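Structural features, examined
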Amino acid sequence: KKRIEQSDPPRVGLSKIFTDGVYPEGEIQPYKDDNAWRTTSEEKRYLEKMAMEDPEVTYQNIRRAAEVHRQVRQYARKYIRPGQSLTKIAEYIENGTRALVEENGLECGVGFPTGLSLNNCAAHFTPNAGDTTILQSGDILKVDFGVHVKGRILDSAFTLTWEPTYDRLVEAVKAATDTGIREAGIDVRLGELAGYIQETMESYEVEVKGKVLPVKPIENLSGHSIGMYQIHGGKSVLLVKNEDPTKMEEGDYFAIETFGSTGRGRVVDNGDCSHFAKIIDAPRVPIRLTSAKSLLRTISTNFGTLPFCRRYLDRIGESKYLLALNHLVQQGIIQDYPPLCDAIGSMTAQFEHTILLRPTVKEVVSRGDDY
Ligand SMILES: O=S(=O)(c1cccs1)N(Cc1ccc(F)cc1)Cc1ncn[nH]1
Ligand SMILES: [Mn+2]
Ligand SMILES: [Mn+2]
Ligand SMILES: [Mn+2]
């Protein structure tokens, strides 16, 4: 039977292409040293077989999300060009994601807002309604988008440039993320892993207009574990050596992401917030403001605990919601995630993959032939 090809722009749902429901496995990396035994352990292989048969755990959900991510980003990389508005770029990625994952309520869909952070801004920027920002040829764009299937969130990001000036910065961050992925593993301490990432990042420098700048890891950004419908699972992988003795554990899902900067190596909240998410264990406080009460109901219905942005409220018909939204933030019910930026004039880069610490092997589920 002829395989149905993906369209351009990407619109063919993956269940029409992977008709047997089996999605490609990611890059397999065996565990190292005192966990190498896992690959051939009968007990661990049995554990994994059970996981594959459990509809809750089955690795097919996260692999389907990963294949959606690979196909959308493949077309997006070709499509995104200086001169386009960030809004158009965001909608291209989101329309592609919704179509390929065959969005269906909270069953499957967009995992979190499409990050399109420019230059000194490293994370959590996506345009709000009315934003007229146009991508420029000298920009460094971090494209960070998510796909979820049954609450399994695929979190992966890459950096795009259209001039060679910052190639070494991009190279440094790609190498640091690959170091983080390679050194990750069951029983690895998070503080130690951060040291390996820092070491790779700091071995690079970038020459800009005759000035040699060291590449700095951004010390207050981090990778993170991922839970069901929960983008931040509670464990953080910092980018500078630290004493956190917390270990990575069998069954963990991790987003390994690193950020490099030619600036301070530190980000601060900057500009209007676009990203928000319901706080998982928020206190059940009575909400007096009627508009806030109804907005919270809309958020719970449409996003659950997945992060959302103002454009997603606009597209489901909400309007004049800012007062209510800020009230929910003040009440500690919704978390705001403002744009995170280093010094003006600095440049930042990011690469991110989602990895699974399976009982027998480590799977870099979001790996593609692009990064
Ligand atoms: O910086 S984080 O808040 C974080 C890092 C460590 C512990 S929590 N964050 C989680 C997140 C927050 C809001 C989102 F809309 C999406 C994700 C990392 C991240 N942002 C983008 N990709 N990955
Ligand atoms: Mn991300
Ligand atoms: Mn992440
Ligand atoms: Mn804040």
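Rules of the game
- Residues numbered from 1 in each chain as written.
- Chains lettered and ligands numbered in written order.
- Predicted model: local features only at pLDDT ≥ 70, side-chain atom pairs only at ≥ 80, totals over all residues.
- Heavy atoms only, no water.
- Near = heavy atom within 4 Å.
- Polar contact = N/O pair within 3.5 Å; in protein donor to acceptor, adjacent residues only side chain to side chain.
- Areas by Shrake-Rupley, 256 points an atom, 1.4 Å probe, with all protein chains shown as cover.
- Pairing = 2+ DSSP bridges.
- Helix = DSSP H or I, 4+ residues; strand = E, 2+ residues; numbered from the N terminus.
- Contact = heavy atoms within 4.5 Å.
- Axes fitted to C-alpha atoms, helices over the stretch in contact; angles between N-to-C directions.
- Core = buried A, V, L, I, M, F, W, Y, C linked by side-chain atoms within 4.5 Å.
- Buried < 20%, exposed > 50% of the residue type's maximum accessible area, 1.4 Å probe, protein only.
- Expected span 1.5 Å × (residues − 1).
- Arc of directions from axis to C-beta.
- Salt bridge = Lys/Arg side-chain N within 4 Å of Asp/Glu carboxyl O.
- Disulfide = S-S within 2.5 Å.
- pLDDT = per-residue confidence, 0-100.

A short note on the site of ligand 1
Around ligand 1, a shell composed of 16 residues is seen, among which His124, Asp144, Asp155, His232 and Glu257 lie nearest. One nitrogen or oxygen atom from the side chain of Asp144 is found 2.9 Å from a nitrogen atom belonging to ligand 1. Between His224 and ligand 1, the recorded distance is 3.4 Å, taken from a side-chain N or O atom to a nitrogen atom. Computed on the free molecule, ligand 1 has an accessible area of 480 Å², of which 89% lies beneath the protein chains in the complex.

Describing the sheet that holds strand β14 (residues 308–309)
The strand order across the open sheet built from 3 strands is β14-β13-β15, with neighbouring strands paired in antiparallel fashion. Strands with a single pairing partner mark the edges of an open sheet, and in this sheet they are β14 and β15 (334–337). Bridge count between strand β13 (residues 275–278) and β15: 4 bridges; the pairing is antiparallel. Note that in β15 the partner of His275 across the bridge is Tyr337. Lying on the sheet, helix α8 (residues 322–330) is in contact with β13, β14 and β15; it crosses β15 at an angle near 105°.

Quick word on the nonpolar core
Counting residues in each nonpolar core, the largest one holds 85 residues, and the members touching the most others are Ile80, Ile93, Val143 and Met248. Ranked by the residues each element gives to this core, the list is headed by helix α3 (residues 86–101), at 8 residues. Beyond its immediate stretch of four places on either side in the chain, Ile93 contacts Val72, Ala76, Ile80, Thr114, Val143 and Phe145.

Some remarks on the pairing of strand β18 (residues 361–364)
Side chains Val361 and Glu363 project from β18 onto one buried face, and the interleaved Lys362 and Val364 project onto a second face that is buried too. Sheet topology note: the strand β1 (residues 27–30)/β18 ladder contains 4 bridges and is antiparallel. Each residue of the ladder has a partner; that of Ile28, found in β18, is Glu363. Alignment of strand β17 (residues 348–357) against β18, held across 3 bridges, turns out to be antiparallel. Note on β18: the bridge partner recorded for Leu356 is Glu363. From the end of β17 to the start of β18, which pair antiparallel, there are 3 residues.

Structural notes on helix α6 (residues 290–303)
Here α6 contains 14 residues, and its C-alpha end-to-end distance of 20 Å stays within 8% of the 20 Å for a straight helix at 1.5 Å per residue. The complete set of buried residues in α6 reads Ala292, Leu295, Leu296, Thr298, Ile299 and Phe303. Taken down its axis, α6 places every buried residue within 160° of arc, on the same side. In α6, those exposed residues whose orientation departs by more than 90 degrees from the buried face are Thr290, Arg297 and Thr301. Buried-residue contacts for α6 involve β13, β14, α7 (310–315), α8 and β15. Positive phi appears at Gly304, one or two residues downstream of α6, with a value of about 60°.

Digging into the pattern of salt bridges
By the definition in use, this model includes 25 salt bridges. Note that Arg367 and Glu27 form a salt bridge whose closest N and O atoms lie 3.0 Å from each other. Note that Arg367 is positioned in the segment after β18 and Glu27 in strand β1, a separation of 340 residues in sequence.

Observations regarding the sheet that holds strand β16 (residues 340–341)
Strands sit in the order β3-β16-β12 across an open sheet of 3 strands; the sheet is antiparallel. Each edge of the sheet is formed by a strand with only one pairing partner; in this case those strands are β3 (121–123) and β12 (268–269). Pairing geometry for β12 and β16, over 2 bridges, is antiparallel. Directly across from Asp269, in β16, lies its bridge partner Leu340.

Examining the state of the cysteines
On inspection of all chains with the given rule, the structure shows 1 disulfide. There is no disulfide at Cys108, and the cysteine sulfur nearest it, in Cys309, is 18 Å away. Here Cys309 stays free of any disulfide, with the sulfur of Cys273 as its closest cysteine sulfur at 10 Å. You can call Cys309 buried: its relative accessible area is 0%.

Structural notes on the confidence of the model for the protein chain
Across the protein chain, the average pLDDT comes to 97, with 99% of residues at or above 70. The ipTM for the predicted assembly is 0.96, set against a pTM of 0.98.

Here we look at the environment of Phe308
Tracing the sequence through the fold places Phe308 in strand β14. Sequence separation between Phe308 and Arg189 is 119 residues, and the spatial gap between their C-alpha atoms is 31 Å. Setting aside residues up to four positions removed in sequence, Phe308 forms contacts with Pro113, Ser274, His275, Phe276, Ala277, Lys278, Ile299, Phe303, Leu313, Leu325 and Ile334.

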